[in-house]
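Observations on the three-dimensional arrangement
For reference, the chains in residue letters:
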Amino acid sequence: MRSYTPSIALTAAIAAALAVAAPAQAQRAIELGIDAGAYFGLGDQSSVDIRLPGSRFRIGFFQPGSRISIEPAAGLGFNKTEGQDGIITYDLEIGALYHFRPILVTTTAPGDVTTRVTSPYIRPFVGVTGFSGGNNASDSEVSIGAGLGTKIPWRQDISFRVEANLGYGLDNEALRLGALVGLSFFPR
């Protein structure tokens, strides 16, 4: 991978989106989640990256009266081998989920509770991954892609989430197949 200058601009854009969305969360429903991930790189140099139990943390901000949520996600790692410098890895991403059916199903009868139903979604995203350290080396890559998944309710405020996605690295011009499995919490 070569250094890709627009990743600084993307990082700034993700930070700005978080800053704008954070004050508005008091008026909107939010989703907090953590995902385990497996990624398979296709191209001249194939790769496999599996991260358990969690590879990233995400916050979904639901748009009022809409089936759309804006979802920034971030992952951070550190690897240190004896006799070598440590390496910090990072993964920043922002996506927009479109839910094919509403997350909440409400009933109109008095005393009935709000229930959650299985909700399939599609998620286009843009992200930047990279590393820093190890003999003062650093590198990053911007990628774009889309995922297709579903949220499966477990309890009133907790759902499982399963997603398959396809990404494309703009720097190394390679496809990446991904799978995410996670938990989502919907605070009241």
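In what follows, the structure referred to is the one given above.
This text gives an overview of the structure that appears in the document.

Cut-offs used in this document
- Residues numbered from 1 in each chain as written.
- Predicted model: local features only at pLDDT ≥ 70, side-chain atom pairs only at ≥ 80, totals over all residues.
- Heavy atoms only, no water.
- Pairing = 2+ DSSP bridges.
- Helix = DSSP H or I, 4+ residues; strand = E, 2+ residues; numbered from the N terminus.
- Buried < 20%, exposed > 50% of the residue type's maximum accessible area, 1.4 Å probe, protein only.
- Lys, Arg positive; Asp, Glu negative; His and termini not counted.
- Salt bridge = Lys/Arg side-chain N within 4 Å of Asp/Glu carboxyl O.
- Contact = heavy atoms within 4.5 Å.

**What about the pairing of strand 2 (residues 47-62)?**
- Bridge count between strand 1 (residues 30-42) and strand 2: 11 bridges; the pairing is antiparallel. When the bridges of strand 2 are listed, Ile30 appears paired with Phe61.
- Two successive antiparallel strands, strand 1 and strand 2, enclose a turn made up of four residues, where Gly43 displays a positive phi of approximately 150 degrees.
- Examined bridge by bridge, strand 2 and strand 3 (residues 68-79) share four bridges and lie antiparallel to one another. By the bridge assignment for strand 3, Phe61 is matched with Ile70.
- Linkage of strand 2 to strand 3, two consecutive antiparallel strands, is achieved through a turn of five residues, within which Gly65 is found at a positive phi near 70 degrees.

**Thoughts on the side chain of Asp91**
- Take Asp91: it is sitting in strand 4 (residues 87-99).
- One buried charged residue, Asp91, remains without a salt bridge, the closest side chain of opposite sign being Arg56 at 5.7 Å.
- Asp91 has contacts with Ala73, Ala74, Gly75, Val128 and Thr129, leaving out every residue within four places of it along the chain.

Read these as layout, nothing more, since geometry by itself doesn't imply function.
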